[in-house]
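Structural overview for review
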Amino acid sequence: MFESTLEVAFDVSRHTMRVDAPWWVVANDRFMSGWGSAPGRSIVAIPCPTLAWAERVSWEMERSRSEMKYVSVRRGPTFKEAVAGRRLGHRDHLAIYELSPRWAGTPPHTDAAIEEAWEAVE
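Throughout, a residue's number is its position along its own chain's written sequence, starting from 1. The predicted origin of the model limits local features to residues at a pLDDT of at least 70 and limits the giving and counting of side-chain atom pairs to 80 or more, whereas totals for whole chains, interfaces and linings rest on all residues. To get the side-chain values, take all heavy atoms of the structure and skip hydrogens and water.

1. Section: the overall build of the protein chain
Keep this limit in mind: Each helix corresponds to a stretch of at least 4 residues labelled H or I by DSSP, and each strand to a stretch of at least 2 residues labelled E; elements are numbered beginning at the N terminus. Residue exposure (1.4 Å probe, protein chains only): buried if accessible area is under 20% of the type maximum, exposed if over 50%, otherwise partly exposed. Residue contacts are defined here by distance: any two heavy atoms, one from each residue, within 4.5 Å place the two residues in contact. Under the convention used here, a 1.4 Å probe and the Shrake-Rupley method define accessible areas, while residue burial counts only the protein chains that appear.
When helices and strands are tallied, the protein chain shows four helices and five strands. Of all 122 residues assigned to the protein chain, the portion counted as buried reaches 42%. Here the analysis covers contacts within the protein chain between residues at least 6 apart in sequence; of these, 70% occur between residues at least 24 apart. Entry remark: accessible area of the protein chain is about 6,800 Å², with carbon and sulfur atoms responsible for 52%.

2. Observations concerning the nonpolar core
This is how it is decided: Working definition of a nonpolar core: buried Ala, Val, Leu, Ile, Met, Phe, Trp, Tyr and Cys residues. They are joined through side-chain atoms within 4.5 Å.
One finds Trp24, Ile46, Cys48, Val57, Met61, Leu94 and Leu99 to be the most contacted residues of the largest nonpolar core, which totals 29 residues. Those elements that place two or more of their residues in this core are strand S2 (23-29), strand S3 (42-48), helix H1 (51-64), strand S4 (68-75), helix H2 (79-82), strand S5 (93-97), helix H3 (101-104) and helix H4 (111-121).

3. A few points about the pairing of S2
Sheet faces and side chains relate simply in a regular strand, where the side chains alternate between the two faces. Note the following rule: We treat two strands as partners when DSSP finds at least two bridges between them.
For S2, the tally of buried residues reaches seven of seven residues, placing the bulk of the element in the interior. Covered by surrounding structure in S2 are Trp23, Val25, Ala27 and Asp29 together with Trp24, Val26 and Asn28, the residues of both alternating faces. Pairing geometry for S2 and S4, over six bridges, is antiparallel. Across the sheet, the residue bridging to Val26 is Ser72, located in S4.

4. Things to note about the packing of aromatic side chains
Cut-off, in case you're wondering: Put simply, two rings from Phe, Tyr or Trp (the six-membered ring, in Trp's case) pair if the centres are within 6.5 Å, and we call them stacked under 30 degrees between planes, edge-to-face over 60, tilted for the rest. Charge-over-ring contacts are defined here by two conditions on Lys NZ or Arg CZ: a distance within 6 Å of the ring centre and an angle within 35 degrees of the ring normal.
Taken as a whole and judged by the stated rule, the model has one aromatic pair. With 5.5 Å between their ring centres and 40° between their planes, Tyr97 and Trp103 make a pair best called tilted. On the accessibility criterion, Tyr97 (22% relative accessible area) is partly exposed. Residue class for Trp103 comes out buried when judged on its relative accessible area of 2%. Against the face of Tyr97 rests Arg102, its NZ or CZ located 5.5 Å from the ring centre.

5. Considerations on the side chain of Arg86
Cut-off, in case you're wondering: In summary, the charge assignment counts Lys and Arg as positive and Asp and Glu as negative, without counting His or the chain termini. Any carboxyl oxygen of Asp or Glu within 4 Å of a side-chain nitrogen of Lys or Arg constitutes a salt bridge here. What qualifies as a polar contact is a pair of N or O atoms within 3.5 Å, subject to a donor-acceptor requirement within protein and to the restriction that residues adjacent in sequence count only when both atoms come from side chains.
Within the fold, Arg86 resides in the loop between H2 and S5. Comment: no salt bridge for buried Arg86; closest opposite-charge side chain is Glu62, at 9.0 Å. A polar atom in the side chain of Arg86 sits 3.1 Å from the side chain of Ser72.

6. What to know about the confidence of the model for the protein chain
Stated precisely, the cut-off is as follows: Confidence of the predictor at the level of single residues is captured by pLDDT, which takes values from 0 to 100.
Residues with a pLDDT of 70 or more make up 82% of the protein chain, whose mean pLDDT is 81. No element of the protein chain has a lower mean pLDDT than strand S1 (residues 11-15), at 67, and none a higher one than S4, at 93. With pLDDT under 50 throughout, residues 1-9 is counted as low confidence; its partners more than four residues away or in other chains account for 19 contacts.

7. Some thoughts on the environment of Arg74
The topology assignment puts Arg74 in strand S4. Looking at Arg74, the relative accessible area reads 28%, which means it is partly exposed. Between the C-alpha atoms of Arg74 and Gly85, which are 11 residues apart in sequence, the distance is 9.8 Å. Those residues within four positions of Arg74 in sequence are excluded, and the remaining contacts are Pro22, Trp23, Trp24, Val26, Glu81, Ala82 and Gly85.

8. Comments concerning a negative patch on the surface
Note the cut-off: Residues form patches when they are more than 30% accessible in relative terms and have no salt bridge. Like charges link within 9 Å. Nonpolar side chains (Val, Leu, Ile, Met, Phe, Trp, Tyr) link within 5 Å. Lys charges are placed at NZ, Arg charges at CZ, Asp charges at CG and Glu charges at CD.
On the surface, a cluster of negative charge is contributed by Asp111, Glu115, Glu116 and Glu119. Looking at where Asp111 falls in the secondary structure, it is placed in helix H4. Taking relative accessible area as the criterion, Asp111 reaches 54% and is therefore assigned exposed.

The following block contains the structure:
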């Protein structure tokens, strides 16, 4: 886990170095909400290089991750714009995770395909 040095009113844990992306998948994590780092709500945000990748991740979350609620695809250059509609407060927690096959589903959604998509965007 990375040290949070971002100036926001809520707790942030970064599991990725990316804090800017053209697309984001944002969801409420019911399992983690209410304890540990998230005495309020726990929000998950995943940066995605393209709309197609964001749609894959959101579909996979809705299909196989029952603890994820209110899954949405957001356009925003930074995570702050992506989660702005969630109205996070001082008791809430935001976890930013790296896009990986774990979130995108089974092959052909491989690490190499994800890296290739990021390179095409940059």
